[in-house]
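# Summary of structural features
Residues per chain are reported as follows:
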Amino acid sequence: MLESVFLLPLVVGLLTLFLPVRLGRIALVVTALLHLQITLLNWLHPFPSNFPGFFGSAPAGLLVLLVTSFIFVFISLYGIFYMKEQEMQSEPIFIGCMLLFLGTMSMAALADHPIVLWIAIEATTLVSAPLIFINRSKKALEATWKYVLICSVGIALALLGFFFITLSMDHAGLDVPLTFSSLNTAARQLDPVWLKTGFIFILIGFGTKMGLAPMHTWLPDAHSQAPSPASALLSGALLNCAFLGIYKVHTLMVLAGLGAFSGSLLIAFGLFSIVVAGIFILHQPDYKRMLAYSSIENMGVIAFGVGIGGLALYGAMLHLIHHSLLKSSLFLSAGNLVLGFGTKMVAKCGNMVRLMPKTFVAFFGGFIGISGLPPFGIFISEFMIVLGAFQTGHPVAATLFIASLILVVAGFAQIVTSMSFGPCQEEILVQEQILRVVPPLALLLTSVILCIWMPEALYQTIINAITVIGGTIHG
Amino acid sequence: MINNIDVILVLILLSVLLSLGSSRMMTLIKIMALQGALVSLAPIFLDQHSRLSSGGVLFFQLMFLIKTALIPGLLYMAVTKISIKREVEPIIGYHASIFTGLGLILLSVYITQRLGLSLHGDYAVLLITAITTLSGGLFLMMSRTKAITQVIGYLMLDNGIHLMGMALTKHSHNLYIVEFGVLLDLLVGVMIMGIILHNINRTFDDVDTMYLGQLKD
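Note that the coordinates shown come from a computational prediction; the quantities given were computed from them, not determined experimentally. Residue numbering note: each chain is counted from 1, following its sequence as written. For naming, the first written chain is A and the first written ligand is 1, with later ones following in the order written. It should be noted that, the model being predicted, local features are given only for residues of pLDDT at least 70 and side-chain atom pairs only at 80 or more, the latter also being counted only at that level, while totals for whole chains, interfaces and linings use all residues. Side-chain numbers here rest on the full set of heavy atoms in the structure, without hydrogens or water.

### Examining the overall build of chain A
Helix and strand counts for chain A come out as 19 helices and zero strands. This radius of gyration counts C-alpha atoms alone. The globule rule is 2.2 Å times how many residues there are, raised to the power 0.38. Against the 2.2 N^0.38 benchmark of 23 Å for 475 residues, chain A shows a C-alpha radius of gyration of 21 Å, consistent with a compact globule. Along the longest, intermediate and shortest principal axes, the C-alpha atoms of chain A span 70 × 55 × 40 Å. When each of the 475 residues of chain A is scored for burial, the buried share is 67%. Long-range pairs, those at least 24 residues apart, make up 81% of the contacts in chain A between residues at least 6 apart in sequence. Accessible surface computed for chain A: about 14900 Å², of which carbon and sulfur atoms make up 72%. Secondary structure is summarised from DSSP: a helix means a run of H or I of at least four residues, a strand means a run of E of at least two, and numbering begins at the N terminus for each. Accessibility here uses a 1.4 Å probe with only protein chains present; expressed as a share of the type maximum, an area under 20% marks a residue as buried, one over 50% as exposed, and anything in between as partly exposed. Two residues form a contact once any of their heavy atoms are found within 4.5 Å. To be clear on the numbers: accessible area is Shrake-Rupley with a 1.4 Å probe, and residue cover counts the displayed protein chains and nothing else.

Take a look at the structure:
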């Protein structure tokens, strides 16, 4: 049954809270592998849902689920070796919350009922909060407080947005079950004014969680203070789930004939996020914060692509996949750097190429990828988005988009070069280990492979997710 | 003739004003318990909800229990543990806060009229109460510095959204299991916030959010 996809990690997660550490680590990896397997099986032969009013496998949700499940396997493997080096105050809680986090994210990916989606996304906030303040430092506590409060209020507004969508049903005298799939078929009959109001509230609510500027203020703090495996999950998986919430409502808007309205809002928020991220990345003193701002930038790129539509929409979906792979890889490498240098300050790191050559390969590779250079996938996705923007007659937006991307790359390059080749201390605290370098490298490799060969099922699912709202691969 | 639902809604409005004007934590928590009770009782007195299914009875009992006992209980535990009695320096003073609260009510009346929803009788007052509670919660979060008051503000915001859902959506959409999920999220949320509060207090010796200002660009 479909629900096993999220019930498995939820149940195991609750159990591991009470298991001894060693057993918990095994449970983490085994569950991650099993979860990937169930997800893949569900891709091949979609399971029937036991609660069809609440859950279902929509193509966009399947995509997010697969990405989440895939990177979780590597993050959990890395996590085990990371936890061996890093003293953690309460490791069972960390492992348990990682699994609960996976479970709630899978639930969000499979939700078909708007309020169930809302419940799942709010639950992701709650179970990921302990991951951030696990070390109970002052800064981590501050970051967690901001995260929980800002996201909870934001998501509460999204609930209000869903009430407005229900109101738009009632106003039109429509009597269909409250699920995304049935709303989509009846979209034309919905009351447009309340649907628009609902979309604005949902965009602001889930946009807070997705990290769109100007609601992004919690994101750099939370991503930089969390232990690296948790940051990788936050950035690579959680932001996608929040995006999925916006995407589903955007689909509804397009089907209701209000695509221009929601599209232009997405373009505006997307562009603004990229510009803000570009400004803050320049001379950023903390490299994990830099990665966090880069996540804001990439979420902006995705929102921008979805707003443009057409070829750019396909690009945005590709971007979602590759950003998750590359950014989680970068955060894992950053974890090695934190262990090695014992600091998150760029100024105190240097000479990575000699001190930590393997990590250097992974980190630098990730940098190349996230900057949009070949052979990594972001090159293709950003190219498609730019092309799509010009084709659909958004030359100004496209130019602004390119200019901000250059700003981001410049800031990023300056930091990475100074960390890799700059002068620095002679010794590092924890020697790098091949087992902690393989997972980030594997994630990078997947991004390269997906450029050369994309499985038919994956391609078909992306197409299924975007054709409903006019996305296409043929520009 | 005195209408039951109107009495409840007016009491909710009063509880919003009271919470804006009180400085003692314990009083605030008692007000929240009262507000939770009123909010969970309100749907029973709305005409549309007069016939309850057995699932509905169970749900309302659970909601009453969570809103009036569990959540205030958690807050009570948090307050006694961190031994904080009162909000010393609010960003906006108490008199000004109450005045703002009155302004919020007027604003809500205006918004409700402008929405053009053609609500009948009770529902118009319900919507006014909902918007006031919602914005009152937001205001409380912004104008107080103690972390615990911000949690209370969040709860009030949530009560407002709950009332809003009651006013705007037809009862036929509300599945009890889904509503229960929302409620569970709220309960766990308050629990997690309580744990973070406890940790903040242990690390900083205070729960003032003024201390939480190290992370910035």
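### Section: the overall build of chain B
Along the backbone of chain B there are seven helices and zero strands. Its helices and strands taken in sequence order, chain B reads α-α-α-α-α-α-α from the N to the C terminus. Scaling as 2.2 N^0.38, a compact globule of 217 residues should have a C-alpha radius of gyration of about 17 Å, and chain B matches this with 18 Å. Dimensions of chain B, computed from C-alpha atoms along their principal axes, come out at roughly 50 × 40 × 35 Å.

### A short note on the side chain of A:S371
Along the chain, A:S371 turns up in the loop between α15 (357–370) and α16 (377–391). Beyond its immediate chain neighbours, meaning those up to four positions away, A:S371 contacts A:E382 and A:V409.

### Considerations on the nonpolar core
Among buried residues, the Ala, Val, Leu, Ile, Met, Phe, Trp, Tyr and Cys ones that are joined through side-chain atoms within 4.5 Å form a nonpolar core. One finds A:W145, A:F162 and A:F206 to be the most contacted residues of the largest nonpolar core, which totals 241 residues. The biggest single contributor to this core is helix α6 (residues 138–171) of chain A, with 19 residues. Every residue in contact with A:W145, bar those within four places of it in the chain, is listed here: B:A147, B:Q150, B:V151, B:M193, B:I196, B:L197, B:I200, B:T209 and B:L212. In terms of nonpolar packing, the next biggest core, distinct from the first, is built from 14 residues, A:I267, A:I274, A:A398 and A:L405 among them.

### Focus: the interface of chain B and chain A
Between chain B and chain A, the contact holds 42 residues from the first and 43 residues from the second. Here the quantity called buried area is the accessible surface, traced with a 1.4 Å probe, that two parts lose on coming together, added over both. A combined buried area of about 3800 Å² lies between chain B and chain A, and 75% of that area is made up of carbon and sulfur atoms. A pairing counts as a salt bridge when a side-chain nitrogen of Lys or Arg comes within 4 Å of a carboxyl oxygen of Asp or Glu. At the boundary of chain B and chain A, one finds zero salt bridges. Pairs of N or O atoms are called polar contacts if they sit within 3.5 Å, as long as, within protein, a hydrogen donor faces a hydrogen acceptor (for residues adjacent in sequence, only side-chain-to-side-chain pairs). The interface formed by chain B and chain A holds two residue pairs in polar contact (both at pLDDT 80 or more) in total. Mapped by element, the contributors of at least two residues to the side of chain B that touches chain A are α5 (122–143), α6 (147–168) and α7 (176–204) of chain B.

### As for empty space enclosed by the protein
Unoccupied space between atoms shows up once a probe the size of one water molecule is rolled over them. Residue and element names in this part refer to chain B. Within this scheme a cavity is a closed region of a 1 Å grid, computed over the protein atoms alone, that accommodates a 1.4 Å probe without allowing it to escape, whereas a pocket is open but has protein on both sides within 12 Å along at least five of seven lines; lining residues each have an atom within 4 Å of a point. Grid points are joined across faces, edges and corners, and a volume is the space filled by probe spheres set on the points. The full count for this structure, using the stated rule, is three cavities of 30 Å³ or more. Taken as a whole, the second largest cavity spans an internal volume of roughly 70 Å³. Elements that contribute at least two residues to the lining of the second largest cavity include exactly α2 (25–45), α3 (54–82) and α6. Ranked by residues supplied to the lining of the second largest cavity, first place goes to α3 with three residues.

### Section: the packing of α6(A) against α7(B)
Only the stretch in contact is used when fitting a helix axis, every axis being a line fitted to C-alpha atoms; angles between N-to-C directions are given from 0 to 180 degrees. Two elements in contact, α6(A) and α7(B), have axes separated by 10 Å at closest approach and are oriented at 155°. Accordingly, the angle class assigned to the pair α6(A) and α7(B) is roughly antiparallel. The two elements α6(A) and α7(B) meet at a crossing, and its hand is left-handed. Counted together, A:K138, A:L141, A:T144, A:W145, A:V148, A:L149, A:S152 and A:L159 of α6(A) and B:V182, B:M193, B:I196, B:L197, B:N199, B:I200, B:T203 and B:F204 of α7(B) form the full contact between these two elements. Taken together, the residues of the contact of α6(A) with α7(B) break down into eleven nonpolar, four polar and one charged. Throughout, the term roughly parallel applies to angles under 35 degrees, roughly antiparallel to angles over 145, roughly perpendicular to angles from 65 to 115, and oblique to all others. It is the rotation of the near helix from the far one that decides the hand of a crossing: anticlockwise by less than a right angle makes it left-handed, clockwise makes it right-handed. Polar here means any residue outside two lists: the nonpolar Ala, Val, Leu, Ile, Met, Phe, Trp, Tyr, Cys and Pro, and the charged Asp, Glu, Lys and Arg; Gly therefore counts as polar.

### A few points about the layout of surface pockets
Here the largest pocket defines a volume of roughly 1100 Å³. What lines the largest pocket is a set of 36 residues, among which A:T104, A:A123, A:V127, B:L184 and B:V188 lie closest to the centre. Listing elements by their share of the lining of the largest pocket, those giving two or more residues are α1 (4–16), α4 (91–110) and α5 (114–132) of chain A together with α7 of chain B. No other element matches the eleven residues that α7(B) contributes to the lining of the largest pocket. Classifying every residue of the lining of the largest pocket by side-chain character gives 30 nonpolar, four polar and two charged.

### Overview of the confidence of the model for chain A
The quantity called pLDDT is the predictor's confidence in a given residue, expressed from 0 to 100. For chain A, the mean per-residue pLDDT works out to 92, and 99% of the residues sit at or above 70. The weakest mean pLDDT in chain A belongs to helix α14 (residues 352–355) of chain A at 86; the strongest belongs to helix α10 (residues 228–255) of chain A at 95.

### Examining α4(A)
Helix span, expected: 1.5 Å multiplied by one less than the number of residues in the helix. For α4(A), which comprises 20 residues, the first-to-last C-alpha distance of 29 Å matches the rise-based estimate of 28 Å (1.5 Å per residue) to within 8%. Judged by how many residues are buried, α4(A) sits mostly within the fold: 18 of 20 residues are covered.

### Comments concerning unusual backbone geometry
Residue and element names in this part refer to chain A. In this structure, P214 follows A213 across a cis peptide bond, with omega equal to 5°. Here P214 shows up in the loop between α8 (192–210) and α9 (218–225). Put simply, P374 and P375 share a cis peptide bond, and its omega is 10°. Secondary-structure assignment places P375 in the loop between α15 and α16. Even without a glycine there, the phi angle at H283 is positive, about 60°. Position of H283 relative to the elements: it lies in the loop between α11 (259–281) and α12 (287–308). Of the residues examined, H283 reaches a relative accessible area of 62% and is grouped as exposed. You will see that N351, though not glycine, has its phi angle at about 55°, which is positive. Taking relative accessible area as the criterion, N351 reaches 18% and is therefore assigned buried.

### Side note on α11(A)
Across its 23 residues, α11(A) extends 32 Å between first and last C-alpha, which sits within 8% of the 33 Å expected from 1.5 Å per residue. Looking one or two places after α11(A), you find A:H283, whose phi comes out positive at around 60°.

### Comments concerning a nonpolar patch on the surface
On the surface, a cluster of nonpolar side chains totalling about 360 Å² of accessible area is made up of A:M1, A:L7, A:V11 and A:L15. Along the chain, A:V11 turns up in helix α1. Here a patch means residues that are over 30% exposed by relative accessible area and free of salt bridges, tied together within 9 Å if like-charged and within 5 Å if nonpolar (Val, Leu, Ile, Met, Phe, Trp, Tyr).

### Quick look at the packing of helix α3 (residues 59–85) of chain A against α10(A)
Residues and elements named next belong to chain A. Contact geometry of α3 with α10 gives a least axis separation of 9 Å together with a crossing angle of 170°. Relative to α10, the element α3 lies roughly antiparallel. Residues A60, G61, V64, V67, T68, I71, F72, I75, Y78, G79 and Y82 of α3 pack against S228, P229, A232, L233, G236, A237, N240, C241, L244 and Y247 of α10. Along the lines of polarity and charge, the residues of the contact of α3 with α10 split into 15 nonpolar, six polar and no charged.

### Some remarks on the packing of aromatic side chains
What counts as a ring pair is set by centres within 6.5 Å for rings of Phe, Tyr and Trp (its six-membered ring), and what kind of pair is set by the plane angle: stacked under 30 degrees, edge-to-face over 60, tilted for all other angles. Applying the stated criterion across every chain yields a total of 21 aromatic pairs over all chains. Considering the side-chain rings of A:F162 and A:F180, the 6.3 Å spacing of their centres and the 70° angle between planes classify their relative orientation as edge-to-face. Linking A:F162 in helix α6 with A:F180 in helix α7 (residues 180–185), this pair joins segments that are 18 residues apart in sequence. The exposure class assigned to A:F162 is buried, which follows from its relative accessible area of 2%. In this structure A:F180 comes out as buried when scored by relative accessible area, which is 4%. Relative to B:Y176, the ring of B:F60 lies with its centre 6.2 Å away and its plane at 75°, an arrangement referred to as edge-to-face. A residue pair is termed long-range when its members are at least 10 positions apart, and B:F60 in helix α3 and B:Y176 in helix α7 qualify at 116 residues. As far as the burial class goes, B:F60 and B:Y176 line up, both buried. Three or more aromatic residues joined by ring pairs make a cluster, and in this case those are A:F360, A:F364, A:F367, A:F412 and A:F421. A ring is considered to have a charge above it if a Lys NZ or an Arg CZ atom is located within 6 Å of its centre and within 35 degrees of its normal. When the ring centre of A:F261 is taken as origin, the NZ or CZ atom of A:K196, which lies over that ring, is 5.1 Å away.

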